[in-house]
Amino acid sequence: MLVETRAGVVEGFEENGYGVFLGMPYAAPITPERRFSAPQSVEPWAGVRSAKTLSPVCPQIPTYGPVGKAAASTLEFGTDFLTVNIRTPSLSGSAPVLVWIHGGGYAVGSANETVLQSGAFAASGIVEVTVNYRLGALGFLHLNDGSPDNRGLLDQIAALEWVRDNIAAFGGDPARVTFAGRSAGGFSIAAVMAMPDARGLFAKAMPQSGASTGIATMEDAQKLNRRMLDVLRVSEAELKTVDFGRLLIAQRDLCNESYEHHDFERDGSAAKLGVPFVPVIDGSSLPFHPEEAASRGETAPVPMMIGCTTGEYVTHATAQPEMDFEIAAALLHERVRPLGLTGIEIVSRYREALPNHSPRGIWRSVGGDLVFQNPTTRFARLHGVRQPVYKYLYGAIEADERGAPHGAEVGAVWYRDGMDVSHLPARQAVADPQFARQVHDVWVSFIRDEVPATPAGDWPRYDAADAPVLHMADGKFVIVCDPFDTRTGLWQMQPI
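For the structure given in this document, a descriptive report is provided here. These figures come from a predicted structure and were not determined experimentally. (Residues numbered from 1 in each chain as written. Predicted model: local features only at pLDDT ≥ 70, side-chain atom pairs only at ≥ 80, totals over all residues. Heavy atoms only, no water.)

**Digging into the packing of aromatic side chains**
Remark: the centre distance and the inter-plane angle together describe each pair of aromatic rings, the angle taken between the planes.
Alright, step 1. This model, assessed by the stated rule, comprises 17 aromatic pairs.
Alright, step 2. Ring centres of Y64 and Y259 lie 5.6 Å apart, and the angle between their planes is 55°; this geometry places the pair in the tilted category. With a gap of 195 residues between them, Y64 in the loop between β5 (48–50) and α1 (65–71) and Y259 in helix α8 (residues 244–260) connect regions that are remote in the sequence.
Alright, step 3. Here Y64 falls in the buried class, since its relative accessible area comes to 5%.
Alright, step 4. Under the relative-accessibility criterion, Y259 is labelled buried at 14%.
Alright, step 5. With a centroid separation of 5.4 Å and an interplanar angle of 85°, the aromatic rings of W100 and W414 are classed as edge-to-face. In this pair, W100 sits in strand β7 (residues 95–101) while W414 sits in the loop between α14 (410–413) and α15 (433–448), placing the two residues 314 residues apart along the sequence. The residues W100 and W414 share a single accessibility class, namely buried.
Alright, step 6. Aromatic ring contacts, followed pair by pair, group Y106, F140, F187, Y313, W363 and F372 into a single cluster. (Phe/Tyr/Trp six-rings, centres within 6.5 Å; stacked < 30°, edge-to-face > 60°. Helix = DSSP H or I, 4+ residues; strand = E, 2+ residues; numbered from the N terminus. Buried < 20%, exposed > 50% of the residue type's maximum accessible area, 1.4 Å probe, protein only.)

Written as structure tokens, this is what we have:
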């Protein structure tokens, strides 16, 4: 199968009735001299370029405890990783397009992981595009030498521009692009929605298990810059030539330190999440925090589907071997200081609201709300004032804040009839193929239709007054009032 892109001809192959094109560059390789530059244009090639194998992935070392280690890629690293993988139902026609951004705390993961190679959306008549981008220091370390901030997001915008310019040749409609991702991929979607350079590049947005949590102020970014240089014992000018292995080790160590030992004075607002390498409000590429941009009506004017799982912090909480209410308050203290709260205060509020929760259940509820549920709800409320928003909740609500863990929906979202599910990790297991198929069809409907269809019937637009969500659990779909909605009130500052 041959397709002519603007840079040259690529050759893919057919699999399960759809076309596959892997490892196609949307930007030039990240050579040492380009480490901290904006993405550069692909050099055109003569002849036919093979697109039959996955590209290398962004270099990385596992970090962020059990969740991050599970998300880290074990695939081959390299410099030519600014690539996309495409699966298309047909090279003719003009199908809707899904552009997917992978998660991994902005430091690990890739678009080449097994679950994203299922071809589920291509089998459902959608052109699917998965994107690799710069992670960690390459993508998000602020420099004072004029290097652009938010390079990882600039990579994603470059991929969207590549889709705009080339996707018609793969049977896709550039006017019907849905920009989607999970976890840090969801954080990315919210941030890119607030970036002026991304306007007009997508028609719908779909952040999953993440909205606007991981955003740094310039003061935060300067703190991380100093930490990185101190750990490496180099000047900023030397940073561009430091051995890449040393750079990765320093990156991992800073990530582990921020994740395992939250410190507001050291990390600033990043202490909430424990993820130091995040987008920066630089006044140009990202002028405002996504929530402020939404409140000003300056996020991308597109419909949005957004939601979380019911037990977002189930796996995260396994990193703490011991837990009582005093330990929970101490562990949470530095994380809630950016919000003007104390650990004792937030634990007290949650114990009053959730009296049957154990100490670990309180830890799970506070952490899950801080990082995932509350930012998702706030962003949905703000964006929903001007644009259609459809909010979902995945998984059963279980006692003591258990429920479906972070990422539990991915196996269903990317489920394809007939695929081999035995090789998927346990967190993405598909125990009920019929339910998985229905979940996948909900995602397909949002991408394809003006108003998404569900097994529960009409999916009402989200609004702050009624807070309707599509709850998907145990093979059933129902429209309910968001059970997590009122918990945002637990974080309000109390009058003196």
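More follows now that the structure is in view.
**Brief notes about the pairing of β7**
Alright, step 1. Along β7, seven of the seven residues are buried, which leaves the element largely enclosed by surrounding structure.
Alright, step 2. Two strands pair when backbone bridges link them, and β7 and strand β8 (residues 127–131) are joined in this way by five bridges, in the parallel orientation. Across the sheet, residue V97 finds its bridge partner in β8, namely V127. (Pairing = 2+ DSSP bridges.)

**Topic: the nonpolar core**
Alright, step 1. One finds Y26, V129, F202 and L239 to be the most contacted residues of the largest nonpolar core, which totals 115 residues.
Alright, step 2. When sequence neighbours within four positions are dropped, the list of residues in contact with V129 reads V84, N85, I86, V97, L98, V99, W100, V163 and I167. (Core = buried A, V, L, I, M, F, W, Y, C linked by side-chain atoms within 4.5 Å. Contact = heavy atoms within 4.5 Å.)

**Observations regarding the sheet that holds strand β11 (residues 304–309)**
Alright, step 1. What the eleven strands build is an open sheet, ordered β3-β4-β6-β8-β7-β9-β10-β11-β12-β15-β16; its pairing is mixed. This sheet does not close on itself; its edge strands, each paired only once, are β3 (13–15) and β16 (476–481). The sheet shows a mean angle of 25° between the axes of neighbouring strands, direction not considered.
Alright, step 2. Pairing of strand β12 (residues 389–394) with strand β15 (residues 468–473), which is carried by three bridges, proceeds in the parallel orientation. Across the sheet, the residue bridging to Y394 is M472, located in β15.
Alright, step 3. Its contacts with the sheet put helix α4 (residues 151–166) on β4 (18–25), β6 (83–88), β7, β8 and β9 (172–182), and the angle it makes with β9 is roughly 155°.
Alright, step 4. Set on the sheet, α15 makes contact with β7, β9, β10 (204–208), β11, β12, β15 and β16; between it and β10 the angle comes to about 145°. (Axes fitted to C-alpha atoms, helices over the stretch in contact; angles between N-to-C directions.)

**With respect to the packing of helix α11 (residues 325–336) against helix α12 (residues 343–353)**
Alright, step 1. Here α11 crosses α12 at 120°, and the two axes come no closer than 7 Å. By the criterion of interaxial angle, the relationship of α11 to α12 is oblique. In this structure, the crossing between α11 and α12 has a hand that is right-handed. Counting all contacts with α11, which are made through F325, A328, A329, L332, H333 and V336, the residues of α12 involved are G343, I344, I346, V347 and R351. (Parallel < 35°, antiparallel > 145°, perpendicular 65-115°, else oblique. Left-handed = near helix turned anticlockwise from the far one by under 90°.)

**Looking at the pattern of salt bridges**
Alright, step 1. By the definition in use, this model includes 24 salt bridges.
Alright, step 2. For the salt bridge of R134 with D155, the shortest nitrogen-to-oxygen distance reads 2.8 Å. Placement of R134 in the loop between β8 and α3 (136–140) and of D155 in helix α4 is noted, with a sequence separation of 21 residues between them. Pair check on accessibility: R134 and D155 agree, each one buried.
Alright, step 3. Residue E291 is joined to R378 by a salt bridge in which the shortest nitrogen-to-oxygen separation is 3.0 Å. On the criterion of sequence distance, the pair formed by E291 in helix α10 (residues 290–295) and R378 in helix α13 (residues 359–383) is long-range, its members being 87 residues apart.
Alright, step 4. Among the residues examined, R378 registers a relative accessible area of 33% and is labelled partly exposed. (Salt bridge = Lys/Arg side-chain N within 4 Å of Asp/Glu carboxyl O.)

**Things to note about the pairing of β4**
Alright, step 1. When you tally the buried positions in β4, you get eight out of eight residues, the bulk of the element.
Alright, step 2. Pairing of β3 with β4, which is carried by three bridges, proceeds in the antiparallel orientation. Paired with E14 across the bridge in β4 is G19.
Alright, step 3. The turn joining β3 and β4, which pair antiparallel and follow one another in sequence, is formed by two residues; a positive phi near 55° is taken by N16.

**Describing the sheet that holds β5**
Alright, step 1. Strand order in the open sheet formed by three strands is β1-β2-β5, with mixed pairing between adjacent strands. Pairing within the sheet leaves two strands with one partner each, and these edge strands are β1 (2–4) and β5. Strand-to-strand twist in this sheet, taken as the mean axis angle between neighbours without regard to direction, amounts to 30°.
Alright, step 2. With three bridges connecting them, β1 and strand β2 (residues 9–11) associate as antiparallel partners.

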